[in-house]
Amino acid sequence: IIFEGDRLFSNSILEYVKKTYNLTTIVLTADENILKARHKNRNDSQTDKFLKGRKTKIENIINNKNIKPLVLKNNNIEDMSSIYSMIVERIKKFK
């Protein structure tokens, strides 16, 4: 099972899934200047309050000792390619 996004990516859901399944949680991070540039390029309407809330939510997941997520930098195409390859390899193990 692979899922992403704000609604499903919460401490409570991740902890629940981990109780039943072999869960690997991956959190992608990027440098602050990269995040700001991406938001500007997308021309999104997310408020500073919303962004601060998401940042806190992700920090809480990263610091959750029950989940122990794998935290990876996603600043550029090379990072993205490496992350993609790693995820594909992990998926192949479960076929």
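Whatever comes next refers back to the structure up there.
Parameters at a glance
Residues numbered from 1 in each chain as written. Predicted model: local features only at pLDDT ≥ 70, side-chain atom pairs only at ≥ 80, totals over all residues. Heavy atoms only, no water. Helix = DSSP H or I, 4+ residues; strand = E, 2+ residues; numbered from the N terminus. Buried < 20%, exposed > 50% of the residue type's maximum accessible area, 1.4 Å probe, protein only. Contact = heavy atoms within 4.5 Å. Areas by Shrake-Rupley, 256 points an atom, 1.4 Å probe, with all protein chains shown as cover. Lys, Arg positive; Asp, Glu negative; His and termini not counted. Charge placed at Lys NZ, Arg CZ, Asp CG, Glu CD. Salt bridge = Lys/Arg side-chain N within 4 Å of Asp/Glu carboxyl O. Phe/Tyr/Trp six-rings, centres within 6.5 Å; stacked < 30°, edge-to-face > 60°. Lys NZ or Arg CZ within 6 Å of the ring centre and 35° of its normal. Expected span 1.5 Å × (residues − 1). Polar contact = N/O pair within 3.5 Å; in protein donor to acceptor, adjacent residues only side chain to side chain.

Participant: Hey, could you go over the overall build of the chain for me, with residue numbers and the actual values?
Facilitator: Regarding its fold elements, the chain presents four helices and two strands. Ordered by position from N to C terminus, the α and β elements of the chain give α-β-α-α-β-α. Its C-alpha atoms give the chain principal-axis dimensions of roughly 40 × 30 × 20 Å. The burial tally for the chain puts 18% of its 95 residues in the buried class. Partitioning the intrachain contacts of the chain with sequence separation of at least 6 by distance along the chain shows that 68% fall at a separation of at least 24. Just so you have it, the chain exposes about 7,800 Å², and 54% of that area is on carbon and sulfur atoms. A gap of 5 Å separates the mean positions of the 19 positive and 11 negative side-chain charges of the chain.

Participant: Give a description of the pattern of salt bridges that names residues and reports values.
Facilitator: Counted by the stated rule, this structure contains six salt bridges. Lys-57 serves as the salt-bridge partner of Asp-6, at 3.0 Å between the closest nitrogen and oxygen. Linking Asp-6 in the segment before helix H1 (11-20) with Lys-57 in helix H3 (residues 48-62), this pair joins segments that are 51 residues apart in sequence. The residue Lys-55 makes a salt bridge to Glu-32 at a minimum N-O spacing of 3.9 Å. In this pair, Lys-55 sits in helix H3 while Glu-32 sits in helix H2 (residues 32-42), placing the two residues 23 residues apart along the sequence. Exposure remark for Glu-32: the relative accessible area of 41% places this residue in the partly exposed category. Via salt bridges that share partners, Asp-6, Arg-54 and Lys-57 belong to a single interconnected network.

Participant: Any details on the packing of aromatic side chains? Residues and values, ideally.
Facilitator: The full count for this structure, using the stated rule, is zero aromatic pairs. Over the face of the ring belonging to Phe-50 we find Arg-54, whose NZ or CZ atom lies 4.7 Å from the ring centre.

Participant: Go over helix H4 (residues 77-92) with me, naming the residues and quoting the values.
Facilitator: Taking 1.5 Å as the rise per residue, H4 with 16 residues should run 22 Å; its terminal C-alpha atoms sit 22 Å apart, in good agreement. N-cap assignment for H4: the residue whose side-chain oxygen lies 3.1 Å from the backbone N of Glu-78 is Asn-76.

Participant: So what about unusual backbone geometry? Which residues, and what values?
Facilitator: With a phi angle near 55°, Asn-43 is a residue other than glycine that sits in the positive phi range. Residue position: Asn-43 is located in the loop between H2 and H3. Look at Asn-43 and you get exposed, because its relative accessible area is 67%. Positive phi, close to 50°, is recorded for Lys-68, a residue that is not glycine.

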